[in-house]
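Working through the structure, step by step
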Amino acid sequence: AALSFRALESWCRSTSTGIVQLRQIFSSTNINILETIADAMYSDAAIVTDAVSDLLDVLLDFCRRDSKISSGLDIAQSLLGMMKHSNQLDLAQQLTSENRRSKIIILSELVSAIGLQRFRFSERQRIGDNAVCRCLARMAARILLEAEDDIKKGSMETSLDGIFDLLFKAMSHPSLDVSGIALEALSAFVHSEKGLSTRLLPLLQGKAIIPFHLVSGEDINGFEEYRNFRERVLNDALVACYEGCGLFFLESCCSAIEEFCIANQSSHLPYQFEAALFCMIAVSEEIAKPLRRYQHDGSSLINVDADAQQTSSFLERIVSALAKNAFSSTSHPLVMARMCIFLNKYATVFPLCSSENTFETASELALSSFNRSLEGGNYDAFLDSCDVKSPLSESCNALQQLLRSCPAHFSAPTAMNALENAWKMPYACRKVDIEDRESLCSGLCYVISSLPSEQWSVSVENLAKPLVACLSVLAKEADTEKNCDIIPSVMKRISHEILLLSSIVRYFDQADVSNLDDGKRALRGKVLVTLLNRNWSCLKHIGETYSSQEVVAEAIGRLLSDSLWLYKSVEELSFLRELSNLAKTSMLGIAKTNKPTSLPSLLLFVKTMVELHGQNAETSLQTNDENSFCREIVVDLIMVSYEAVRLCPRLDVTNGSSDASTQGSNTSTDLVSSMFATLSSCAKHCPRLLVVLAKDDQPLGELLRLSVEAAPDALKAREVE
C-alpha cells in the first residue's frame, strides 16, 4: 500500500496533477480515490500513513496553484467583461468555476474523513505510536490550512468539529513534533473561529511550562528542541491567541501570576511562574503598541478606550503582585531573570499606567533584582540553556530601559543615590560584566540629560569619577607590575574602564537629542570635551604604552571614534589634533610589535575620521582656510595608518605565529580588510585627495598605486574562520 501511494505521488508530481484532476481521472474507473485515501488513514502502519500524508501534500499544492489561476481569471473577466469576443475567456472561467466547486466538495470530504480519526488518534497515543499520531496531525493540519479561505467564507459543506478536536488532541500530545504541527494550524483560525482562542490558551500556557524531566539538564538535545519550540512556534501562537481574546488572555495570565506570588513553595512552582511571565513577554509588543499612542498627563491616561484602561490595570496588578512577593517566589534565578525581562519589555508602558506607583514599583523591582543578583550564586549554565541571561544581566537591561523611558523620574535625590550605589557596586564586587555596566551607563546618561543643563558638568564628572580613579590606579599597577601572568588581567580591566568612558561619551552626547536646541547640543559636547581633557594625560599614557595589547587598542579605538563626534567647529581643532596624535602614536607603536591584530580598531577610527571630515579635507585642496588644518590631520592619519599596516610583521594565519622577516602584503586578513575599508571611505568622501596622497619623497598618487598593486596578493591570502 505504501509503495502504491508513493508511486501515485511521484506520478502526480511529474504530471502536475492536483486533487481535482486526480478525482476526475479516477471517475472513469471503479475506484473512488477519496475513499481510498480515507481508508488508508486507518492504517496502523506508519509507512502507509506517511505515504498518504506526502501524497496529500503534493495534491493540495497543485490544488493551490489552480486556485491562483482561477483568481487570475476572475480578475481578467472583470477587466474584459464589457469587451466582445471573450468566448474563450468565458469558457475558461466556467471550467475554473467548476473546479472551484469540486475543490470545495473534495475538501469537505477530506475534512470529514480526517475528523473521524480523532478517536483513533487517542488510541494510538495511548500505546505510544508517535509516528502515526504525527502523520494524522500532519494530514489534519494540511487539509485545514488548504481549506482556510473556504472555511472563512463559510463555503464548507461539513462540520469542522471533528478536525478541530483531532488537532486539539494533537496539541496536547507530549511530542513537540506532533503538537507543533497542530499548533501552527490552529493559530491560523483563532481570529475567525469563535471561542477557539479561549479554548486554545490553557493548552498554550501548559506548553510554556518547562517539562520537569528537562530541568536536570541531562537531556541536552531534548531541552534544545523544547527551547526552539517555545521561542518560535509557541511564541507565535501566543501572539495569535492574544489577538483573538486579548482581555481573556490578560486576565488568565494576570490571575496566574497573582496566584503564584502567594502560593506555597514547591519544586514545580518556579517553572509554572516562569511560564506565566513568558506568556506575558510573548505579547508585550502587541500590548505596548496601542498604549504608546496615548499621552501621559502626570497621573492618568487621557483619551483612552476601555480596552486600554483594562490593559493598564492588568499590568498594574502584575507589578503590584511581584512587589508584594518580596522575592519569596521570584528569588529563583530563572523566575528573577524572566521577571526582569518582563520589566524590560513593558518599561515604556509603565509610565502610561493610571497609577503613578506602577513605574516606581517596577523600577524598585529592577534595582532590587540587581542588588540581590550580586549576592546570589552563579546560575549562568542553567540560564544559558533556557536562552536567558543571568538575573544580573537582565536586571541591568531592565534598568536601562526604565531609565531611558522616564529619566526625569529618577532625578530625585533618593533615586539618584540608589543609582549611584548601583553604579559603584562593580568596583567593590567585580561581578558585573562590561556589557551590563554599559547598559547601566546608557540609562544613567539619559537621567543626567534630563537634568537642568547647569547640572550636566558636575553630574557627568561624578559619573566618570570612579572609572577615572580606577584607570589611574590600574595604569600605575601596570607600570610597576613585573609578573607577566597578572598583566593580562590588568589590561582587561583597563580596557573595560576605557570602554565605559567611551559609553559615557556616546550615550550622553546622543541622549534625547531631538528635544535639544543647538545651544544645549553644543553645551553637551563641551562638557564631554572638558571631561576628556582633564583625564587626557592618563589616557595618552595608556594608549602610547599599552596599545600593543589588543584589548586596550580596541578600547582606545572605540573611545577615539566616539569622541570624534564631539568636534563641531575650528575652535576645537586642538581636541581633534589630540585624538589624531594618540591614534598615530598608537598605530606606529603597534607596528613595531608582533601583534598586528591590535590595529583594526584604530583603523576604524581613521575610517570614521574620513567619513566625518573627509569632505572638508577635499574642499581645502585649493584653498588656505581653516579646513586646511583639518586636511593636514586627515592626510597624516591616512599616511600613518598605511605605513603602520605596511610595517606590520607577517602573520601566519594557520597557527597565529608571526615572522618579522617578511613585510608588505603578508599581514592578517582582518588587517588588510580594515585598511582597504579605510581607503574605500577615502574614495567615497575625498577622492581627489586620495589620488594625490604620497610621502614627501614619492611621486603624487604613490599610496593609491601601492594599494592597487597589493590588492591581488590580499585577495589570494588564505582565509580562516
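Structural notes on the overall build of the protein
A tally of helices and strands in the protein yields 34 helices and two strands. A burial count over the protein gives 50% of its 721 residues as buried. The contacts in the protein between residues at least 6 apart in sequence include a share of 74% that link residues at least 24 apart. As displayed, the protein has an accessible area near 33,300 Å², and 51% of this comes from carbon and sulfur atoms.

Section: the packing of aromatic side chains
This structure, assessed with the given rule, holds ten aromatic pairs. Judged by centre distance (6.0 Å) and plane angle (75°), the ring pair of Phe164 and Phe189 falls under edge-to-face. You can see Phe164 sitting in helix 9 (residues 161-171) and its partner Phe189 sitting in the loop between helix 10 (176-187) and helix 11 (196-207), a full 25 residues away along the chain. Pair check on accessibility: Phe164 and Phe189 agree, each one buried. Both rings, one in Tyr346 and one in Phe350, keep their centres 6.4 Å apart while their planes meet at 35°; by these two values the pair is tilted. Clustering of aromatic rings is evident, with ring pairs tying together Phe342, Tyr346 and Phe350. Geometry around Phe189 places Lys152 over its ring, the cationic atom sitting 6.0 Å from the centre.

Remarks on helix 29 (residues 573-591)
One full turn of an α-helix is made of 3.6 residues, so residues set three or four places apart face in the same direction. Helix length check: helix 29 (19 residues) gives 27 Å between terminal C-alpha atoms against 27 Å at 1.5 Å per residue, within 8%. Taken together, the buried positions of helix 29 are occupied by Leu573, Phe575, Leu576, Leu579, Ser580, Leu582, Ala583, Lys584, Ser586, Met587, Ile590 and Ala591.

Re the pattern of salt bridges
Going through the model one piece at a time under the given rule, you end up with 33 salt bridges. As a salt-bridge pair, Glu258 and Arg317 come within 2.8 Å of each other at their nearest N and O atoms. Highlighted residues: Glu258 in helix 14 (residues 246-262) and Arg317 in helix 17 (residues 306-325), separated in sequence by 59 residues. Linked by salt bridges that have partners in common, Arg6, Glu9, Arg13, Asp50, Asp54, Asp57, Asp61, Lys103, Arg134, Arg138, Arg142 and Glu146 make up one network.

Re the state of the cysteines
Working definition: the covalent bond between the sulfur atoms of two cysteines is a disulfide. In this structure the tally under the stated criterion is zero disulfides. There is no disulfide at Cys261, and the cysteine sulfur nearest it, in Cys254, is 9.6 Å away. For Cys441, which is in no disulfide, the shortest distance to another cysteine sulfur is to Cys445 and amounts to 4.1 Å.

Section: the packing of helix 7 (residues 130-146) against helix 9
It is at 10 Å that the axes of helix 7 and helix 9 come closest, and there the two elements cross at 135°. If you check the angle between helix 7 and helix 9, you find them oblique. At the point where helix 7 passes helix 9, the crossing takes the left-handed sense. On the side of helix 7, the interface is formed by Leu136, Ala137, Ala140, Ala141, Ile143 and Leu144, while helix 9 contributes Ile163, Phe164, Leu166, Leu167 and Ala170.

Observations concerning the packing of helix 18 (residues 333-345) against helix 21 (residues 391-405)
Between helix 18 and helix 21, whose axes approach to 8 Å, the crossing angle comes to 15°. Between helix 18 and helix 21, the angle is such that the two are roughly parallel. In the packing of helix 18 onto helix 21, the handedness of the crossing is left-handed. For the pair helix 18 and helix 21, contact is made by Pro333, Met336, Ala337, Cys340, Ile341, Leu343 and Asn344 and by Pro391, Glu394, Ser395, Asn397, Ala398, Gln401 and Leu402, respectively. In terms of residue class, the contact of helix 18 with helix 21 is built from nine nonpolar, four polar and one charged.

Describing the environment of Arg521
Within the element layout of this structure, Arg521 appears in helix 26 (residues 518-534). Overall, the relative accessible area of 24% leaves Arg521 in the partly exposed class. For the pair Arg521 and Asp509, spaced twelve residues apart in sequence, the C-alpha separation works out to 8.0 Å. Apart from the residues lying within four places of it in its own chain, the contact partners of Arg521 are Asp509, Val513 and Leu516.

Side note on unusual backbone geometry
Although it is not a glycine, Ser16 adopts a positive phi angle of roughly 55°. Secondary-structure assignment places Ser16 in the loop between helix 1 (2-15) and helix 2 (19-26). One non-glycine residue, Phe327, lies in the positive phi region at around 65°. Mapped onto the elements of the fold, Phe327 is located in the loop between helix 17 and helix 18.

Quick look at the confidence of the model for the protein
Summary statistics for the protein give a mean pLDDT of 84 and a share of 85% for residues scoring 70 or more. Across residues 295-302 the pLDDT falls below 50, and counting only partners more than four positions away or on other chains, this stretch makes 16 contacts in the model. Across residues 650-667 the pLDDT falls below 50, and counting only partners more than four positions away or on other chains, this stretch makes 33 contacts in the model.

Side note on helix 3 (residues 33-40)
Every buried residue belonging to helix 3 is among Ile33, Leu34, Ile37, Ala38 and Ala40, and all of these are buried. Take helix 3 and look down its axis: the buried residues cluster within an arc of 160°, on one side only. N-cap assignment for helix 3: the residue whose side-chain oxygen lies 3.1 Å from the backbone N of Leu34 is Asn32.

Digging into the environment of Pro426
In this structure, Pro426 sits in helix 22 (residues 413-429). Judged by its relative accessible area of 8%, Pro426 falls in the buried class. Setting aside chain neighbours within four positions, we find Pro426 in contact with Val432 and Arg437.

Description of a nonpolar patch on the surface
Together, Val691, Val692 and Leu700 make up a nonpolar patch on the protein surface, roughly 280 Å² of accessible area in all. Here Leu700 lies in the loop between helix 33 (687-690) and helix 34 (702-716).

Considering the side chain of Arg120
With respect to the element layout, Arg120 can be found in helix 6 (residues 118-126). A polar atom in the side chain of Arg120 sits 2.9 Å from the side chain of Gln117. Sequence-distant contacts of Arg120, defined by excluding residues within four places in its chain, comprise Met41, Tyr42, Ser43, Asp44, Val132 and Leu136.

Procedures and definitions
In every chain, residue numbers begin from 1 and rise along the written sequence. In view of the model being predicted, local features appear only for residues whose pLDDT reaches at least 70, and side-chain atom pairs are presented and counted only at 80 or more, with totals across whole chains, interfaces and linings using the full set of residues. Only hydrogens and water are removed before side-chain values are computed, so all heavy atoms of the structure are retained for them. Each helix is a run of DSSP H or I of at least 4 residues and each strand a run of E of at least 2, with the numbering of both proceeding from the N terminus. Under the scheme applied here, a residue whose accessible area is under 20% of the maximum for its type counts as buried, over 50% as exposed, and between as partly exposed, the area being computed with a 1.4 Å probe on protein chains only. The criterion used for residue contact is that any of the two residues' heavy atoms lie within 4.5 Å. The method behind every accessible area is Shrake-Rupley, applied with a 1.4 Å probe, and residues are considered shielded solely by the protein chains displayed. The rule is short: rings of Phe, Tyr and Trp, with Trp giving its six-membered ring, pair when the centres are within 6.5 Å, and they are stacked under 30 degrees, edge-to-face over 60, tilted in between. Over a ring means this: the NZ of a Lys or the CZ of an Arg is within 6 Å of the ring centre and within 35 degrees of the ring normal. Given a helix with a known number of residues, its expected span is that number minus one, times 1.5 Å. Salt bridges are identified by distance alone: a Lys or Arg side-chain nitrogen within 4 Å of an Asp or Glu carboxyl oxygen. We call a pair of cysteine sulfur atoms a disulfide when they lie within 2.5 Å. Angles shown run from 0 to 180 degrees and are taken between the N-to-C directions of axes, each axis being a line fitted to C-alpha atoms and, for helices, limited to the stretch in contact. Orientation is classified from the angle alone, with under 35 degrees giving roughly parallel, over 145 giving roughly antiparallel, 65 to 115 giving roughly perpendicular, and any other angle giving oblique. When the near helix sits turned anticlockwise from the far one by under a right angle, the crossing is termed left-handed; a clockwise turn instead gives a right-handed crossing. In this count, Pro and Cys sit with the nonpolar residues alongside Ala, Val, Leu, Ile, Met, Phe, Trp and Tyr, while Asp, Glu, Lys and Arg are called charged and the others, Gly among them, polar. Every residue carries a pLDDT, the predictor's confidence in it, which falls somewhere between 0 and 100. For this quantity, the arc is that covered by the directions from the helix axis to the C-beta atoms. Distance and chemistry together define a polar contact, namely a pair of N or O atoms within 3.5 Å, with one atom able to donate a hydrogen and the other to accept it when in protein, and with adjacent residues in sequence counting only for side-chain atoms on both sides. In this scheme, patches are assembled from residues that exceed 30% relative accessible area and form no salt bridge. Like charges are connected within 9 Å, while nonpolar side chains (Val, Leu, Ile, Met, Phe, Trp, Tyr) are connected within 5 Å.

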